[in-house]
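Single-letter residue listing:
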Amino acid sequence: MFRFLSYVWNRFKEYLILVVLVVVSLTLLTQNNNPQIQKVRVVAFGSFATVTSVFYDLFNITQLKNENKNLRKVNAELMIQLSMLREQGIINRELKGMLGYKDTSSLPITPATIVSRSLSLTQNTITIDVGTKKGIKPGMPVISYKGLVGIIQTCSDGFSIARTLKNVDLKLTVKNEKNRLNAIMKWDGEKLMMVDVPKAYDFDVGDRIVTSEMSSIIPVPIPVGIVSKIDEEQTGLLNLIEINPFEEVLTVEHVFIIMLIENDEKNNLELNFYNKK
Amino acid sequence: MKLKFFLPLIIFFPVVIIQLTVIPFISIQEVVPDLLLITVVYFSILYGQVFGTVTGASYGLMFDLISGNLIGSSMLSKTVAGFIAGYFSSETRRDKYLYTYSFSLVVLITGLIDALIFSFFSVIDFNTNILQVLFNHALMPSIYTSVISILVIIVPYKRTFLSENR
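Procedures and definitions
- Residues numbered from 1 in each chain as written.
- Chains lettered and ligands numbered in written order.
- Predicted model: local features only at pLDDT ≥ 70, side-chain atom pairs only at ≥ 80, totals over all residues.
- Helix = DSSP H or I, 4+ residues; strand = E, 2+ residues; numbered from the N terminus.
- Buried ≥ 20, exposed ≤ 12 C-beta atoms within 10 Å, placed from the backbone.
- Contact = placed C-beta atoms within 7 Å.
- Axes fitted to C-alpha atoms, helices over the stretch in contact; angles between N-to-C directions.
- Parallel < 35°, antiparallel > 145°, perpendicular 65-115°, else oblique.
- Left-handed = near helix turned anticlockwise from the far one by under 90°.
- Nonpolar A, V, L, I, M, F, W, Y, C, P; charged D, E, K, R; others polar.
- Pairing = 2+ DSSP bridges.

### Examining the overall build of chain A
Here is step 1: A count of helical and extended segments in chain A gives 3 helices and 12 strands.
Here is step 2: Among the 277 residues that make up chain A, the fraction classed as buried is 31%.

### What to know about the overall build of chain B
Here is step 1: Each helix and strand in chain B was counted, giving 8 helices and 0 strands.
Here is step 2: Along chain B, from the amino end to the carboxyl end, the secondary structure elements read α-α-α-α-α-α-α-α.
Here is step 3: A separation of at least 24 residues holds for 68% of the contacts in chain B among residues at least 6 apart in sequence.

### Digging into the packing of helix α4 (residues 73-86) of chain B against helix α6 (residues 102-120) of chain B
Residues and elements named next belong to chain B.
Here is step 1: Close contact between α4 and α6 brings their axes to 8 Å; oriented N to C, the two are set at 150°. Considering their axes alone, α4 and α6 lie roughly antiparallel with respect to each other. Regarding α4 and α6, the two cross each other, and that crossing is right-handed. In this structure, α4 contributes Ser73, Ser74, Leu76, Ser77, Lys78, Val80, Ala81, Ile84 and Ala85 to the contact, and α6 contributes Val106, Ile109, Thr110, Ile113, Asp114, Ile117 and Phe118.
Here is step 2: Class assignment of the residues belonging to the contact of α4 with α6 gives a composition of 10 nonpolar, 4 polar and 2 charged.

### Section: the environment of Leu98 of chain B
Residues and elements named next belong to chain B.
Here is step 1: Position of Leu98 relative to the elements: it lies in helix α5 (residues 94-98).
Here is step 2: Between the C-alpha atoms of Leu98 and Phe43, which are 55 residues apart in sequence, the distance is 9.7 Å.
Here is step 3: The residues contacting Leu98, other than those within four sequence positions of it, are Ile45, Leu46 and Phe103.

### Overview of the sheet that holds strand β9 (residues 208-211) of chain A
Within a sheet, adjacent strands bond to each other through the backbone by hydrogen bonds, running parallel or antiparallel.
All names here are of chain A.
Here is step 1: Taken in spatial order, the 6 strands line up as β6-β7-β8-β11-β10-β9 and close into a barrel, and their pairing is antiparallel. Neighbour-to-neighbour, the strand axes of the sheet open up by a mean angle of 40°, direction not taken into account.
Here is step 2: Pairing geometry for strand β6 (residues 171-176) and strand β7 (residues 182-187), over 5 bridges, is antiparallel. Bridge assignment links Val174 to a residue of β7, and that residue is Ala183.

### What to know about the interface of chain B and chain A
Here is step 1: With 34 residues of chain B in contact, the opposing surface of chain A contributes 38 residues.
Here is step 2: At the level of elements, α1 (7-21), α3 (49-67), α4 and α7 (130-148) of chain B are the ones that each hand at least two residues to the side of chain B that touches chain A.
Here is step 3: Ranked by the residues each element gives to the side of chain B that touches chain A, the list is headed by α3 of chain B, at 8 residues.
Here is step 4: Classifying every residue of the side of chain B that touches chain A by side-chain character gives 18 nonpolar, 15 polar and 1 charged.

### Some words on the sheet that holds strand β3 (residues 141-143) of chain A
All names here are of chain A.
Here is step 1: Ordered in space as β1-β2-β5-β4-β3-β12, the 6 strands form a closed barrel in which the pairing is antiparallel. In this sheet, neighbouring strand axes are inclined to one another by 45° on average, regardless of whether the strands run parallel or antiparallel.
Here is step 2: Bridge count for strand β1 (residues 109-118) against strand β12 (residues 254-258) is 5 bridges, and the pairing is antiparallel. Bridge assignment links Thr110 to a residue of β12, and that residue is Ile257.

### Observations concerning unusual backbone geometry
All names here are of chain A.
Here is step 1: Of note in the backbone geometry, Arg180 takes a positive phi value of approximately 60° without being a glycine.
Here is step 2: One can find Arg180 in the loop between β6 and β7.
Here is step 3: Here Asp196, not a glycine, exhibits a phi torsion of approximately 50°, which is positive.
Here is step 4: Mapped onto the secondary structure, Asp196 falls in strand β8 (residues 192-198).
Here is step 5: Classification of Asp196 by C-beta neighbours within 10 Å gives partly exposed; the count is 13.

Here it is in structure tokens:
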């Protein structure tokens, strides 16, 4: 028996090792949401991000000059917009007061810097330099001054990994700012798409897309992008709508995390509604 | 213990730091070269198929853990890539595949397989155009990786050439 096993091992060890490792990989693929695996991931990326943050800063210094120039320009533009918005804000407050509406515009945000990015066409992620110590939790939206960047996926004490818009695992409910029509947005590996949009929906190239209040992940309207193309299939009732995101995930360096996670109260209410027999 | 068993682990950290911090700056249309794959192929040809397969699995798993990828996806693709690269390893063929431009060709082949398996777990759905996936998600990154892998051949070759002419 031992001789037989020894013969099999010597003859097929390459294949046996391959099969074992493939089985282990497939098992791990099914265990991604296992808390134990999540714990190992938090420790691994938390310790590694400390090292990468130092290196990222070193290589990033060369780009700071250009970034400063662009920021000065954006600052000037924002200053003009701000003065106009201030005027509108005063009028808006008065009108809201007259109607008895509650103001929900102020959201707590935490600034962060990207310390590394894992670029892949399908699973684009970024590591940022804030973690649970600053109150960051999985599910919080990551934004830049232009718009939505992604969602926090995992957190360690000092660092967090966020899935960017260009990650196939991130699907969001978004809406057309013009006519408030909702749809599901996802990254298909090449383009940011709004999928299964009924042809009857009035979407035009150039429409602004923002996150929808109906989303259980991001229940506040954050700018996402602009409709760039409408793929109208000749047959069928649904359209595919391409979106050009406001923020380019590849070049963004400084982000903000909105300290807001999905509303348990709202979710519980919805769950109770569906549970009712 | 032989140094060769620790060598992949020692090399992993500088390689992955470069992959996550420097490589994004040289991306073309979000296509980046995969330095980990080049390293796995190198070890696989140098030390054989079993070593390459295990190195591929370890590199893939560690990369999945620290990069936020789906855990197991890189592990699976790099395991198979290491295994395939091992076919180009033998006493007689080692130098041919390690120190000539054939190395880039091996990287291209394994890169295609690696990217295909990795994409399979990420983008394949009922609406996917397989040819498009092949081109965008496998061919482009593999070509870029194989071009970068030329450095692995040129740098040691140049060093040998210079020392011989001194």
